[in-house]
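Summary of the model geometry
Chain residues, written in single-letter form:
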Amino acid sequence: MSSSEWEAVIGLEVHAHLKTRTKMFCRCELEYGAAENTRTCPVCLAHPGALPVPNGKAIEHTLKLGLALGCEISKHAIFARKNYFYPDLPKGYQISQYEAPLCGKGALQIPGGPRIGITRAHLEEDAAKTVHAGGATGRSVGADYSLVDFNRGGTPLLEIVSEPDLRSADDADRYLRLLRQTIVELGIGDAEMEKGTLRADVNVSVRKQGEEGFRPRWELKNMNSFTYIRRGIEAAVREQVAAYERGETLEQSTYDYDPDTNRLAVHRSKEEADDYRYFPEPDLVPVDPPRELLDSIELPELPAERIARLAEHTDLDAAWELVFSGNDWKAQALAEHGVEWKAAAAIAMNRGDFRPENAAALAEIVRANVTREALDDAFAAAASGSIDSATYLAQTAVSDESELEPVIDAILAANPGQVETYRGGKEGVLGFFVGAVMRETQGKADPKVVNRLLLEKLRG
Ligand SMILES: [Zn+2]
């Protein structure tokens, strides 16, 4: 049997912190990096009798993403208690959404790739942060003691669950990057993996090509690096295929990816969803998003749409790169002013910054085919202020023969001896004349044109 008979089946549960001033159910202000346990109150510390009040901005942000992903928006979303015991959860339950999430089925089309179904996007609160110290630092097992920072507890958290529509680590990577870019551009979250404001649980199983249904999946929990997610998926696929090919059967379980060994280690066996004993949160009324609120949400052109549109002019990889680097508007602006698309894309990726109001002047300079150095100068000028293309082009008179000819004539007239030497057969003297012309024009002449004109006159 060969491993090419197998295909991966991957689904992602992405968690993104929402950008709000205060927490999900209390008025504690959110501040990344604030001193430990200084952003707490009776609500997020679960003091008896404290009641939650939902954050309207978080609901609006969730709806915004739901609309961007074409999700069915609930008319009657219900908060639910997800019960479990852990030191990072003082209430003994997390307020989440279970049977009736704010956003139901939708999809994210990967440009040049598959359309990934969205199962749901729901709103919940994040748990507090535990810090394991001493012993095997960073791991709960083997630590000497653990500390809890409740600042993070109660942060609005958006969970976006995909269908198991992803078929490779590459697809998963592109889906996640696209989703992240969408969250950032909608202005609803920072989605920075290194800060923990974007995390993902990854579900991976494999099956034979053409096989119906799914085999037991492995869940990789709390992944917070694009690289590790990719490697974790690859490791899971590798290990599952090897196990099946040895004739083993596999169970649904939870794994941690160990970047040091590039292998998976059993985390704990997966609880059944029933273990959480979900029930509707009695302290909160259902959320009925008003029509006016939904109508008032305006979506910008989304990254997936922009990539697809740019890919009609330039190649797909360049389109992805332009959008993800935030440089697509530069290529667009230059192209709108007559620069050929491929050149516009290359310039947008490789040149320094410039301001939108300078695009027309820059496009004119690009179209004039000035030297590389002159172009660099022009872009530097456009980044630091305004730029006047007429003056700029006048200063960088490069390949204009009518400007170069008088200079060359003057130099030839001033050096009759060297002209005789050249005509006598010592063609190396050409370099002397080229150098003289470049000095005279302060390096702005196009050497190719200078060479050609010199040869014409010396031979003529
Ligand atoms: Zn609080």
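Residues numbered from 1 in each chain as written. Predicted model: local features only at pLDDT ≥ 70, side-chain atom pairs only at ≥ 80, totals over all residues.

Counting its secondary structure elements, the protein contains 15 helices and 13 strands. At 31 Å, the protein has a C-alpha radius of gyration far larger than the 23 Å of a compact globule built from 460 residues. With respect to the principal axes defined by its C-alpha atoms, the protein has extents near 100 × 60 × 45 Å. Looking at the protein as a whole, 34% of its 460 residues are labelled buried. Considering only intrachain contacts with a sequence separation of at least 6, the fraction spanning at least 24 residues in the protein is 67%. (Helix = DSSP H or I, 4+ residues; strand = E, 2+ residues; numbered from the N terminus. Rg over C-alpha atoms; globule rule 2.2 N^0.38 Å. Buried ≥ 20, exposed ≤ 12 C-beta atoms within 10 Å, placed from the backbone. Contact = placed C-beta atoms within 7 Å.)

Let us look at the nonpolar core. Core analysis: the biggest nonpolar cluster contains 64 residues, and A121, A172, Y175, V202, V204 and I233 have the highest contact counts within it. Looking at this core element by element, the count peaks at 7 residues for helix α2 (residues 169-186). Ignoring any residue separated from it by four or fewer positions in sequence, one finds V204 in contact with A8, I10, R217, W218, L220, I233, A236 and V237. With 30 residues, the next largest nonpolar core counts A359, L362, I365 and A374 among its residues. (Core = buried A, V, L, I, M, F, W, Y, C linked by C-beta atoms within 7 Å.)

Below, the discussion takes up the packing of helix α5 (residues 303-310) against helix α6 (residues 316-324). Where α5 contacts α6, the two axes come as close as 8 Å, and the packing angle between them is 140°. Our classification of the angle between α5 and α6 gives oblique. Read as a crossing pair, α5 and α6 show a hand that is right-handed. For the pair α5 and α6, contact is made by P303, R306, I307 and L310 and by A319, W320, L322 and V323, respectively. By residue class, the composition of the contact of α5 with α6 is 7 nonpolar, no polar and 1 charged. (Axes fitted to C-alpha atoms, helices over the stretch in contact; angles between N-to-C directions. Parallel < 35°, antiparallel > 145°, perpendicular 65-115°, else oblique. Left-handed = near helix turned anticlockwise from the far one by under 90°. Nonpolar A, V, L, I, M, F, W, Y, C, P; charged D, E, K, R; others polar.)

With that settled, consider the sheet that holds strand β13 (residues 279-280). One open sheet holds the 3 strands; their spatial order is β3-β2-β13, and the pairing between them is antiparallel. Two strands close off the open sheet at either side, each with one partner strand: β3 (93-97) and β13. Alignment of strand β2 (residues 79-83) against β3, held across 5 bridges, turns out to be antiparallel. Of the residues in β3, the one forming a bridge with N83 is Y93. (Pairing = 2+ DSSP bridges.)

If you check the domain split of the protein, you get domain 1 (3-296), domain 2 (303-395) and domain 3 (401-459). Between the C-alpha centres of domain 2 and domain 3 there is a distance of 35 Å. (Domains from an automatic or database assignment.)

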